[in-house]
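Residue-level listing of the chains:
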Amino acid sequence: MKKMKFKFLSLLLAVLVFSCYTPDDGDHVEPITTYEVIAGEWGLMNLTMVDEFAKRNNIKPNEENLSTLFNFEDFRIRFDVDENNRPTTYEVVGDVPPLFQLKGYWDLNSDFQPTNSSSIVIRLYSDADKTQLKDELHLTSVPRTNRQMELQIIRTTDGTPFVSYKFKLIEEI
Amino acid sequence: MKKIIYTFLFLALLTPSVSNAQEVIGAIKDMWSYPVVYSFDEEVTWYFDLAGTSAVENEDFYIWIWSPSEPDAGNFNSSSDFAKLTYEGDMIWSFTLTPTEYFSRTPEEIRNSDGFWFFLKDKTGTKQTEVTQMKYTDFSAFYDAGEIMKAYPSRPSLNEGVSILFNSNLVEGFENANNVYFHSGLNNWAVPMEYQAWVPERVEKTRTTNLGNGFYKMDLIPSEYYGVEPDFVMENIVFLFVAEDWTAVGPDLILNAAEDIPPPPAEFRFFPLQLSKKDFLGVIRINNERGVNSLHYTVNAGPKVITGEFTGNTTEIKGFIDLVTALKDVENVSEIHVVIEDNNGRVITDTTIPLIPLD
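Worth saying up front: this structure is predicted, and the values here are computed from it rather than measured.

Q: Let's hear about the overall build of chain B: which residues, and what values?
A: In terms of helices and strands, chain B carries six helices and 24 strands. Look at the contacts in chain B between residues 6 or more apart in sequence, and 60% of them connect residues 24 or more apart.

Okay, structure coming up:
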């Protein structure tokens, strides 16, 4: 009985000691979300049209550069976030053909970059409630220190891609 | 190097008088002369191929040449008529001159100059080609070569000029010849053009040019000289040089024809192979025929008609049609009808393309 009382006291002491322990790792920081790295205005470096059907069947040419056509040299896209870094509106600046809806509301299919290889999708809506999904842009290259990213819009039929457009973008300063 | 410096010096000197905005229409694609080889005191025609530049058919062009001399100096803003080129058709212009007369220089002075440096321009100098040089083939080495015959080029082509030189000093009996004639035929005499001393026209046609000192030259374009169709397959020219009235006869000679390499066939394609109404339609044509430099398109898509043109050159004409904007408010369109014509009005394609339904 005396031995059990000692064990209980020892356990209690240990609980008390460890419950008072606070790791010294500085202030608590929220992890950076993909919203934060995408937010801002992006200008076009390069626009490539890909013939996905030809590419799948090893037919060349299967890529064409459209960067200097249809005013795409003036293409810019702005992704807005609120004070909590939540996505709000987006808008394409520049008089370019509407390869996707040129303004509206946006969010991502995932707040953080997935650990598997599936790409992040930027979902474009026509309404603030984000119920009317209009287009999806695949984030195929995430901005890093070079502040460049790559978006791709893919045309599919019965789930099979046949054309895509790759926008290589750089953050406007 | 000296030529390059000279050219830049000239351009620098030229700058004040030509500083008005000038359009450079591109490089001269090809140049040649007829006769192929010529003396500086002999009349020659230079040919300039402007296919691939933005020149248009039958446009007036003038030669602006400053070496060996500058015959039209001071008239850059209004070229003289004597510098005007002749349009030959098929985007080719020509200029005929006798170098010693045109440049007021002796053959020796021309030979020691930097060569024929020039560009082509419109009358008022608002547009011009890039600067270039007309190459000159110096055949003087033939005089000491100890060869009976030499041809430029050594393997002639049916529709291009050839110059054939003859050294009569190496053949007995030509010492006192008044004239020397070219007795010849195509493809082992299948198409003959004989020297017939009793037919004045034939005597005239087959007479060679006397270069002096026992040297003679024959200039001809096979298809014209022998009167065969441009698609005739020439294998060789067989010939002999003969003195007037057959008083002397040279050996049998032969020139094998150049290999006939046909130009690669034109290829047309759309890009991409499948598309929706929210895509661009690429129109691409490569290896275009001479004179084909633009494609006109008409696209019928439901209630919309989209027209336009793309320009390019013989290597490639390429452009993209914006279906994205044209069809953004058009519903229920499942196919487009596309007609493409070249600048000569020839239909390149007239086809219907289905529009793939999007998920």
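Don't stop here, the text continues.
Q: Can you break down the sheet that holds strand S19 (residues 280-286) of chain B residue by residue, with the values?
A: Residues and elements named next belong to chain B. If you trace the three strands from one edge of the open sheet to the other, you get S18-S19-S22, paired in antiparallel fashion. This sheet does not close on itself; its edge strands, each paired only once, are strand S18 (267-271) and strand S22 (316-322). On average, each strand axis in the sheet is inclined to that of its neighbour by 15°, with strand direction left out of account. In terms of strand pairing, S18 meets S19 through five bridges, oriented antiparallel. Bridged to Phe268 within S19 is Arg285.

Q: Explain the interface of chain B and chain A to me, and be specific about the residues and the numbers.
A: Taken together, the contact between chain B and chain A spans 19 residues of the former and 19 residues of the latter. Among the elements of the structure, S19, S22 and helix H6 (323-326) of chain B are those that each provide at least two residues to the side of chain B that touches chain A. Its residues assigned to classes, the side of chain B that touches chain A comprises ten nonpolar, four polar and five charged.

Q: Requested: an account of the environment of B:Gly345, with residues and values cited.
A: Along the polypeptide, B:Gly345 turns up in the loop between strand S23 (335-342) and strand S24 (347-354). Using a count of 7 C-beta atoms within 10 Å as the deciding quantity, one classes B:Gly345 as exposed.

Q: With reference to specific residues and values, describe the pairing of strand S7 (residues 116-121) of chain B.
A: Regular strands place side chains that alternate from one sheet face to the opposite one. Residue and element names in this part refer to chain B. For S7, a buried count of five out of six residues is recorded, marking the element as mostly surrounded by other parts of the structure. Of the pairings in the sheet, the one linking S7 to strand S9 (residues 132-134) comprises three bridges and is antiparallel in character. In the strand pairing of S9, Phe118 is matched with Thr132.

Q: With reference to specific residues and values, describe the pairing of strand S11 (residues 162-167) of chain B.
A: Residues and elements named next belong to chain B. Judged by how many residues are buried, S11 sits mostly within the fold: six of six residues are covered. Of the two faces of S11, the one holding Val162, Ile164 and Phe166 and the one holding Ser163, Leu165 and Asn167 are both buried throughout. Sheet topology places strand S10 (residues 149-152) next to S11; four bridges connect them, and they run antiparallel. Across the sheet, the residue bridging to Lys150 is Leu165, located in S11. Judged from the six bridges that link them, S11 and strand S15 (residues 215-220) form a sheet pairing that is antiparallel. Directly across from Leu165, in S15, lies its bridge partner Lys217.

Q: I'd love a proper account of the sheet that holds strand S6 (residues 92-97) of chain B, names of residues and values included.
A: Residue and element names in this part refer to chain B. Within the open sheet, the four strands sit side by side as S2-S3-S6-S5. Their pairing is antiparallel. The open sheet is flanked by strand S2 (30-34) and strand S5 (86-89), the only strands paired with a single partner. With strand direction ignored, the average angle separating the axes of adjacent strands in the sheet is 30°.

Q: Can you lay out the confidence of the model for chain B for me, pointing to particular residues and giving the numbers?
A: Residue and element names in this part refer to chain B. With 94% of its residues at a pLDDT of 70 or more, chain B shows a mean pLDDT of 92. Within chain B, S11 carries the highest mean pLDDT (98), whereas helix H1 (residues 2-14) carries the lowest (48). Below pLDDT 50 for its whole length, residues 7-20 participates in six contacts with residues either more than four positions away or in separate chains. Predicted as a complex, the structure gets a pTM of 0.63 and an ipTM equal to 0.81.

Q: Outline the confidence of the model for chain A, supporting the account with residue identities and numerical values.
A: Averaged over chain A, the pLDDT score is 84; the fraction of residues at 70 or greater is 77%. Confidence drops under a pLDDT of 50 for residues 15-20 of chain A, and excluding neighbours within four residues, the segment shows zero contacts in the predicted structure.

Q: Outline unusual backbone geometry, supporting the account with residue identities and numerical values.
A: At the junction of A:Lys60 and A:Pro61, the peptide bond is cis and its omega measures out at 0° in the coordinates. Along the chain, A:Pro61 turns up in the loop between helix H3 (52-56) and strand S2 (63-65). Cis geometry marks the peptide bond from B:Ser67 to B:Pro68, where omega comes out at 15°. When you line up the elements, B:Pro68 lands in the loop between strand S4 (62-67) and S5. Not every positive phi belongs to a glycine, and B:Asn188 is a case in point at roughly 55°.

Q: Tell me about the environment of B:Phe82, residues and numbers included.
A: All names here are of chain B. Positionally, Phe82 belongs in the loop between S4 and S5. Residue class for Phe82 comes out exposed when judged on the 11 C-beta atoms lying within 10 Å of it. Distance from Phe82 to Phe95, taken between C-alpha atoms, is 9.7 Å for residues 13 residues apart in sequence.

About the cut-offs
Residues numbered from 1 in each chain as written. Chains lettered and ligands numbered in written order. Predicted model: local features only at pLDDT ≥ 70, side-chain atom pairs only at ≥ 80, totals over all residues. Helix = DSSP H or I, 4+ residues; strand = E, 2+ residues; numbered from the N terminus. Contact = placed C-beta atoms within 7 Å. Pairing = 2+ DSSP bridges. Axes fitted to C-alpha atoms, helices over the stretch in contact; angles between N-to-C directions. Nonpolar A, V, L, I, M, F, W, Y, C, P; charged D, E, K, R; others polar. Buried ≥ 20, exposed ≤ 12 C-beta atoms within 10 Å, placed from the backbone. pLDDT = per-residue confidence, 0-100.

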